[in-house]
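Per-entry structural report
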Amino acid sequence: MTFLGVEVVPEVVALGVVLGLVYGLSAVGLVLAYRVSEVLNLAHADIGVAVATVFAVAVTRWNAPYWAALPLALLLGVVVGAIAHVAVVRRLRDVPRLISVVATLGLGQVLVLTASAVAGTAAVARFPEPPGLPTFDLGALHVGQATSAMLAIGPVAVIAVWAWLTRTTSGLRLRASAANRSAARLIGVPADRSSALAWGVAGALSVLTAVFVGAAPGFVGGSFSGPGLLLRALAAAVIAGMHSLPVALIAGVGIGVVDQVTGWNTASGGIADALLFVAVAAALIVRRARPASSAVDAPSWVNVDVWRPLPLRVRSVPRVRRAFRLAAVAGALAAVALPVVVSNSTAVVLTAIVAFATVGLSVAIVTGLGGRLTLGHFAIAGAGAVASVHIATRTGNFLLGFAAAGAVGVVAASVAGIPALRARGPFLAVTTLAFAVAAETWLLPRPWALGTGVDPGKPIIGAVALDTGRGYYLVALAVGGSALWVARNLHRSGIARRLVAVRDNEPAAQALGIDATRTGSLAFGLSGAIAGLGGAAYVHSLALATPGAFPVPASIVVVAIVVVGGIGVLLGPLIGALYIIGVPAFLPLDAAWLAATALGWLVLILYVPAGLARPLRLLRDRLACVLAGHPATDLDAPTLQEEAPRALPTGLPGSVAAPTRPPDTLEASGLRRTFGDLTAVDAVDLEVRPGEIVGIVGPNGAGKTTVIDLLAGAQPTDGGRVLLGGEDVTALEADRRARLGIVRSFQETRLFPTLTVLDTVRVAQELETPTRLLPAAVGRRRDERHRTAHAREITAAFGLDAYVDVPVRALSTGVRRICELACLASLQPRVMLLDEPSAGLAQAEVDRLGPLLLQLRTRFGASLVIVEHDVRLITSIADRLVAMDRGRIVTQGRPAKVARHPEVLAAYLGGVTGTSP
């Protein structure tokens with residue numbers, strides 16, 4: 001049967017279903033482990049391959065009985081999976097989860113190398129087939145014992161997992177932990193134990209997959225390797241949204257069918273991998289974006305934010321400025337002078353270090369600043385390399401070739417990453433990994449790309465051919481230096497601040513009008529350009545450019561370089577490249593080689609997750625203190641006042657301009673929001689007229705904050721509409737509502753922990769004057785200076801002068817409240833939604849807060865909707881109070897009238913007027 005030009009053979013489809021069932025089981029394990037830990041285990045397939053290799057050795061060489069060794073192999077998979085959770089996830093719980101994911105990459109490589117050592121020099125060519133099972137012919141295909149085992153054991157394994165999850169106490173506990181980790185902990189479910197158990201079960205399912213797939217020679221497509229197996233499990237998991245176990249199983253079956261049908265119809269390798277990438281991208285494009293969450297990773301970034309600017313009192317000392325400028329110049333001159341003192345072979349290694357560091361700079365933009373993990377940037381570099389090779393060799397213009405590499409890098413990055421940027425979670429890592437696998441197996445081997453290998457050529461400047469290692473090193477250094485200059489400009493720009501704000505606290509960033517997807521897309525495009533340049537610098541250093549020069553593991557190495565060097569540190573990729581590539585090359589000692597292997601950098605990540613930048617930062621700080629004549633104190637812990645600023649303004653300065661847009665009425669009708677069986681907001685109608693202050697009161701759990709979320713666009717409604725000036729804004733997300741003038745504060749004023757107060761206020765200014773990418777990339781600073789001057793005016797107006805260089809995480813709650821109000825005041829608000837603005841303030845500051853809020857209303861003509869527990873404050877400033885209970889409005893009207901309402905007295909005031917509701 002032929003369908004759309006593809007021959008569909010029933011026997012091949014049947015084999016695909018059997019294989020897909022095994023893929024689906026692996027995907028189920030992956031989803032299960034992710035749901036209970038929120039960490040994507042990229043060692044999942046490697047656990048299976050490593051244990052399956054040991055199993056194969058035991059059966060084929062040690063003569064262990066197959067059916068006795070198989071349960072032991074599954075048990076070993078459980079143990080290895082559980083150990084992976086304890087050693088990686090639990091140990092790294094206080095750092096960003098993407099570092100845990102990178103650690104699983106290192107763990108996977110260590111496991112595979114360990115299994116290879118067990119196998120010895122004679123690798124396992126083919127896994128043993130299970131004895132005692134029937135073989136038969138299915139049409140033109142022969143079904144072996146491994147296929148029979150899949151057919152017999154696959155459904156049994158599915159039923160066993162389902163029965164365990166639904167019928168046993170441990171399974172029910174695991175499901176409870178996966179559904180709501182915090183709630184499960186409250187009812188006594190041991191969350192860590194459940195997570196370790198889930199990772200163990202996932203390990204066993206991965207082993208089962210590897211044992212059967214590796215022993216099934218009748219299957220075509222779906223190469224037996226860690227990346228190949230991992231990609232298929234990840235693709236099924238992504239189609240399931242990393243959530244639904246049944247969908248993951250069914251998606252795995254579909255992937256198995258695609259594998260077999262594709263392999264039957266074409267002898268060209270990699271087409272199945274390319275189709276998988278397309279499927280993953282399509283699944284993410286049609287996937288509805290989830291509401292932003294600030295609870296995932298933000299606090300943990302503080303623990304790896306090690307390379308912060310020196311305090312102004314230190315960095316403003318002339319001797320300090322001169323010393324560090326001199327050090328930078330000396331470092332640059334030393335790098336340029338290296339070809340004079342090194343051999344050609346050493347220069348080739350230095351070129352590789354520069355090229356990998358350049359690609360690492362591109363990864364650092366996405367991962368270090370944006371907080372998103374990418375696993376395909378060396379494949380993006382490969383796409384840029386292809387463009388450079390063809391343009392340069394055909395035109396003889398290598399400068400044009402490098403420019404083409406940057407442009408193609410942007411395109412490749414857009415294809416690889418942008419479909420995933422709108423989705424929260426680990427999806428960017430999955431799509432970029434899928435792109436890397438498809439690039440290695442399908443894209444780069446095309447005849448119009450690298451084919452079986454092409455001569456990349458070497459640049460010629462005038463009459464000088466840079467065809468030696470030392471000569472070409474200078475070209476690579478120029479490319480790397482240019483990339484470093486662009487990255488430095490970006491790190492100092494508003495785009496970097498927007499990326500960090502989204503990384504630290506996405507809801508707060510969106511409330512300030514930042515479009516997280518657009519900001520991420522701009523950064524990802526720029527990172528693609530830098531990766532393309534790095535790929536071009538690398539490919540022209542080779543004697544022969546082949547697809548094997550850009551393998552999937554190289555993308556993993558680049559990520560390791562960034563994390564080992566210091567995530568978020570500008571020079572981190574160079575530090576990491578010198579360690580991972582330079583140490584084994586220049587210090588070929590056993591200990592040095594071991595330190596730079598996957599085991600070495602895995603141990604380094606586990607024990608120094610902030611990377612090698614941490615000890616280097618301490619050295620920088622000591623040197624700066626000595627030069628400045630400053631006591632060698634801990635610069636991470638500046639001495640702060642623990643109270644809010646004494647100069648909390650009672651009026652606003654002229655620098656805080658009034659909005660040019662007229663105020664409008666905010667209306668909500670029939671608002672409804674449910675969370676499972678809980679109805680948080682039920683049929684709420686609310687009208688806020690221009691310039692009106694409306695207070696919302698009620699007991700905890702009444703739905704007050706959820707109403708603020710729905711009005712601000714932080715959560716989607718399950719019913720009802722929100723209108724601003726008669727325009728329906730219900731479908732708009734929080735950042736678009738902020739641009740229309742609906743701004744909000746949060747009950748927990750955390751803002752952006754790794755930014756300073758000044759940078760936080762400058763983030764707020766991005767709403768009116770957003771930083772443009774190209775001016776920022778080339779270092780144009782005029783608009784930046786204007787934003788800085790305006791931000792200093794605002795911080796001075798709100799009494800924050802003494803705190804401008806202090807990280808937000810180091811502020812007291814009261815000072816953060818004032819910083820948040822300063823940000824809102826710079827947003828040209830029309831409607832301000834304030835969630836408990838007095839929380840954390842001393843009583844003296846609460847007394848000043850009321851007049852300040854009235855001034856905000858007067859200056860902007862803005863409406864204020866205030867959720868507040870301080871009855872004295874809210875009744876003194878509100879024109880109208882709305883009382884809520886159990887998601888519904890009980891009564892509303894003048895404050896005095898609402899306070900006397902019988903249900904309000906009974907439910908909120910305990911029958912005693914004046915008590916806090």
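Residues numbered from 1 in each chain as written. Predicted model: local features only at pLDDT ≥ 70, side-chain atom pairs only at ≥ 80, totals over all residues. Heavy atoms only, no water.

What about the overall build of the protein?
Rules: Strands here mean DSSP runs of E at least two residues long; helices mean DSSP runs of H or I at least four residues long; both are numbered from the N terminus. When a residue's accessible area, from a 1.4 Å probe over protein chains only, is under 20% of the maximum for its type it is buried; when over 50% it is exposed; and in between it is partly exposed. By definition in these notes, contact holds between two residues if any of their heavy atoms fall within 4.5 Å. Computed with the Shrake-Rupley method and a 1.4 Å probe, the accessible areas treat only the protein chains shown as cover for residues.
On a plain count of helices and strands, the protein comes out with 37 helices and 16 strands. Here the protein holds 917 residues, and the buried ones make up 57% of them. Across the protein, the fraction of contacts at a sequence separation of at least 24, relative to all contacts at a separation of at least 6, is 77%. Summing over all exposed atoms, the protein offers an accessible surface of approximately 35,900 Å²; the carbon and sulfur share of this is 62%.

Notes on a positive patch on the surface
Quick reminder of the rule: Residues enter a patch when their relative accessible area is above 30% and they make no salt bridge; the linking distance is 9 Å between like charges and 5 Å between nonpolar side chains (Val, Leu, Ile, Met, Phe, Trp, Tyr). For this analysis, a salt bridge means a side-chain nitrogen from Lys or Arg found within 4 Å of a carboxyl oxygen belonging to Asp or Glu. A residue counts as positive if it is Lys or Arg and as negative if it is Asp or Glu; His and the chain ends are not included. Every charge is mapped to an atom, namely NZ of Lys, CZ of Arg, CG of Asp or CD of Glu.
A contiguous patch of positive charge, built from Arg319, Arg321, Arg322 and Arg325, is present on the exposed surface. Tracing the chain through its elements places Arg321 in helix H14 (residues 318-341). Residue classification places Arg321 among the partly exposed positions, given a relative accessible area of 36%.

Details of empty space enclosed by the protein
Cut-off, in case you're wondering: In this analysis, the protein atoms alone were mapped onto a 1 Å grid. Cavities are point sets where a 1.4 Å probe fits without being able to get out; pockets are open sets with protein on both sides within 12 Å along at least five of seven lines; lining residues have an atom within 4 Å of a point. Grid points are joined across faces, edges and corners, and a volume is the space filled by probe spheres set on the points.
On inspection of all chains with the given rule, the structure shows three cavities of 30 Å³ or more. In this structure, the largest cavity occupies an estimated 160 Å³ of space. Taken together, 15 residues form the lining of the largest cavity, with Thr771, Pro775, Ala776, Arg780 and Glu784 sitting closest to its centre. Residue assignment for the lining of the largest cavity shows that the elements contributing at least two residues are helix H31 (773-777) and helix H32 (782-797). Top contributing element to the lining of the largest cavity by residue count: H32, with four residues.

Re the pairing of strand S7 (residues 666-675)
The condition is simple: Paired strands, in this sense, are two strands between which DSSP finds at least two bridges.
Inspection of the sheet shows S7 paired to strand S8 (residues 678-688) by eight bridges, in the antiparallel sense. Bridging across to S8, Arg672 finds its partner in Asp682. Taking the residues between adjacent antiparallel strands as the criterion, S7 and S8 are bridged by two residues, where Gly676 takes a positive phi near 65°. The sheet contact formed by S7 and strand S10 (residues 719-724) spans five bridges and is antiparallel. Bridge pairing links Leu666 to Leu724 in S10.

Things to note about the sheet that holds strand S13 (residues 831-835)
Our working definition: Axes, fitted as lines to C-alpha atoms, cover a helix only where it is in contact. Angles between the N-to-C directions of the axes lie from 0 to 180 degrees.
Spatially, S12-S13-S14-S9-S15-S16 is the arrangement adopted by the six strands of the open sheet, whose pairing is mixed. If you trace the sheet from one side to the other, it starts and ends with strand S12 (742-744) and strand S16 (888-893), each paired once. On average, adjacent strands in this sheet sit at an angle of 20° to one another, irrespective of strand direction. Pairing between S13 and strand S14 (residues 863-867): five bridges, direction parallel. Of the residues in S14, the one forming a bridge with Val831 is Ser863. Sheet contacts for helix H34 (residues 843-860): strand S9 (693-697), S13 and S14; angle to S14, the most-contacted strand, approximately 150°.

Things to note about the sheet that holds S7
With respect to topology, four strands assemble into an open sheet ordered S8-S7-S10-S11, the strand pairing being antiparallel. Each edge of the sheet is formed by a strand with only one pairing partner; in this case those strands are S8 and strand S11 (727-728). This element, helix H28 (residues 704-712), spans S7, S8 and S10 of the sheet and lies at about 120° to S7.

Here we look at the side chain of Glu868
Stated formally: What qualifies as a polar contact is a pair of N or O atoms within 3.5 Å, subject to a donor-acceptor requirement within protein and to the restriction that residues adjacent in sequence count only when both atoms come from side chains.
Within the element layout of this structure, Glu868 appears in the loop between S14 and helix H35 (871-877). Buried charge without a partner: Glu868 forms no salt bridge, and the closest opposite charge is Arg817, 7.9 Å away. At 3.0 Å, the side chain of Glu868 forms a polar contact with the backbone nitrogen of Asp870.

A short note on the packing of aromatic side chains
Selection rule: Between 30 and 60 degrees the pair is tilted, below 30 it is stacked and above 60 it is edge-to-face, where a pair is any two Phe, Tyr or Trp rings, Trp via its six-membered ring, whose centres lie within 6.5 Å.
This structure, assessed with the given rule, holds eight aromatic pairs. Between Tyr66 and Trp67 the ring centres are 5.1 Å apart and the planes differ by 70°, which places this aromatic pair in the edge-to-face class. With a centroid separation of 4.7 Å and an interplanar angle of 25°, the aromatic rings of Phe356 and Phe378 are classed as stacked. With Phe356 in helix H15 (residues 344-369) and Phe378 in helix H16 (residues 377-395), this pair connects stretches of sequence that are 22 residues apart.

Examining the pattern of salt bridges
Considering all chains together, one arrives at 25 salt bridges under this definition. A salt bridge links Arg888 to Asp682; the nearest nitrogen and oxygen atoms lie 2.8 Å apart. Here Arg888, found in strand S16, pairs with Asp682, found in strand S8; they are 206 residues apart in sequence, far enough to count as distant. For Arg888, a relative accessible area of 46% translates into the label partly exposed. Residue classification places Asp682 among the buried positions, given a relative accessible area of 18%. Note that Glu784 and Arg762 form a salt bridge whose closest N and O atoms lie 3.3 Å from each other. With Glu784 in helix H32 and Arg762 in helix H30 (residues 757-765), this pair connects stretches of sequence that are 22 residues apart. With a relative accessible area of 4%, Glu784 lands in the buried category. Take Arg762: its relative accessible area is 12%, and that puts it in the buried class. Taken together, the shared-partner salt bridges in this structure form one network comprising Arg497, Arg498, Asp759, Arg762, Glu766, Glu784 and Arg787.

What about a nonpolar patch on the surface?
Together, Leu72, Leu75, Leu76, Val79 and Ile83 make up an exposed nonpolar region whose accessible area comes to about 450 Å². Structurally, the position occupied by Ile83 is in helix H3 (residues 66-90).

Observations regarding helix H11 (residues 271-286)
Side chains of residues three or four places apart in an α-helix project in the same direction, reflecting 3.6 residues per turn. Just so we agree on the cut-off: An expected span of 1.5 Å times one less than the residue number is assigned to each helix.
Here H11 spans 23 Å end to end across 16 residues, near enough to the 22 Å set by a 1.5 Å rise per residue. All of the buried residues in H11 are Ala272, Asp273, Ala274, Leu276, Phe277, Val280, Ala281, Ala283 and Leu284.

Thoughts on unusual backbone geometry
Trans peptide bonds make up most of the peptide bonds, and negative phi angles are found at most residues other than glycine. The phi dihedral of Met242 falls on the positive side, at around 55°, and the residue is not glycine. Topologically, Met242 is positioned in the loop between helix H9 (226-239) and helix H10 (245-265). Although it is not a glycine, Glu836 sits at a positive phi angle of roughly 50°. In this structure, Glu836 sits in the loop between S13 and H34.

Overview of the environment of Val349
Here Val349 is to be found in helix H15. For Val349 and Gly582, which are 233 residues apart along the polypeptide, the C-alpha to C-alpha distance reads 7.5 Å. Dropping the residues within four chain positions of it, Val349 is found in contact with Ala585 and Phe586.

A few points about the environment of Pro426
Examined against the element boundaries, Pro426 turns out to sit in the loop between helix H17 (398-421) and helix H18 (427-443). C-alpha of Pro426 to C-alpha of Val39: the two residues are 387 residues apart in sequence and 8.2 Å apart in space. In this view, Pro426 contacts Tyr34, Leu40 and Met242; residues no more than four positions away in its chain are not counted.

As for the nonpolar core
Using the following cut-off: As used in this record, nonpolar core signifies buried Ala, Val, Leu, Ile, Met, Phe, Trp, Tyr and Cys residues forming a set joined through side-chain atoms within 4.5 Å.
Leu40, Ile99, Phe550, Trp601 and Ile605 are the most contacted members of the largest nonpolar core, which totals 181 residues. Not counting residues within four places of it along the chain, the set of residues in contact with Ile99 comprises Leu92, Val304, Val563, Ile567, Ile605 and Pro609. Core analysis: the second largest hydrophobic core is formed by 76 residues, Ala501, Ala511, Leu751 and Leu841 among them.

Digging into the packing of H14 against helix H19 (residues 469-491)
In plain terms, the rule: Oblique is the label for any angle not covered by the other classes, which are roughly parallel (under 35 degrees), roughly antiparallel (over 145) and roughly perpendicular (65 to 115). Whether a crossing is left-handed or right-handed is set by the direction in which the near helix is turned from the far one by less than a right angle, anticlockwise for left-handed and clockwise for right-handed. Only Asp, Glu, Lys and Arg are considered charged in this grouping, and only Ala, Val, Leu, Ile, Met, Phe, Trp, Tyr, Cys and Pro are considered nonpolar; every other residue, Gly among them, is considered polar.
At their nearest, the axes of H14 and H19 sit 9 Å apart, and the two run at 165° to each other. Comparing their axes, H19 and H14 come out roughly antiparallel. Taken as a pair, H14 and H19 cross one another with a handedness that is right-handed. Note on element contacts: H19 touches H14 through Arg470, Tyr473, Leu474 and Leu477, opposite Ala335, Val336, Leu338 and Pro339. Among the residues forming the contact of H14 with H19, the class breakdown is seven nonpolar, no polar and one charged.

Thoughts on helix H8 (residues 191-214)
Between its first and last C-alpha atoms H8 spans 34 Å; for 24 residues at 1.5 Å apiece the expected length is 34 Å, and the two agree. Along H8, 21 of the 24 residues are buried, which leaves the element largely enclosed by surrounding structure.

Notes on the state of the cysteines
We count it as follows: Cysteine sulfur atoms that come within 2.5 Å of each other are treated as a disulfide pair.
This model, assessed by the stated rule, comprises zero disulfides. Considering cysteine sulfurs only, Cys823 is the nearest to Cys819, which forms no disulfide, with 4.6 Å between them.

Section: the confidence of the model for the protein
One rule of thumb: low pLDDT means the predicted coordinates there are not for detailed reading. Short version of the rule: Per-residue confidence from the predictor is reported as pLDDT, which spans 0 to 100.
On average, residues of the protein score 84 in pLDDT, and 89% of them reach the 70 mark or higher. Per-element averaging of pLDDT across the protein places helix H25 (residues 590-596) at the bottom with 56 and H16 at the top with 95. Overall, residues 218-224 carries pLDDT values under 50, and its contacts beyond four positions in sequence, including any with other chains, amount to 21 contacts. In the predicted structure, residues 911-917 sits below a pLDDT of 50 and forms 14 contacts with residues beyond four places in sequence or in another chain.

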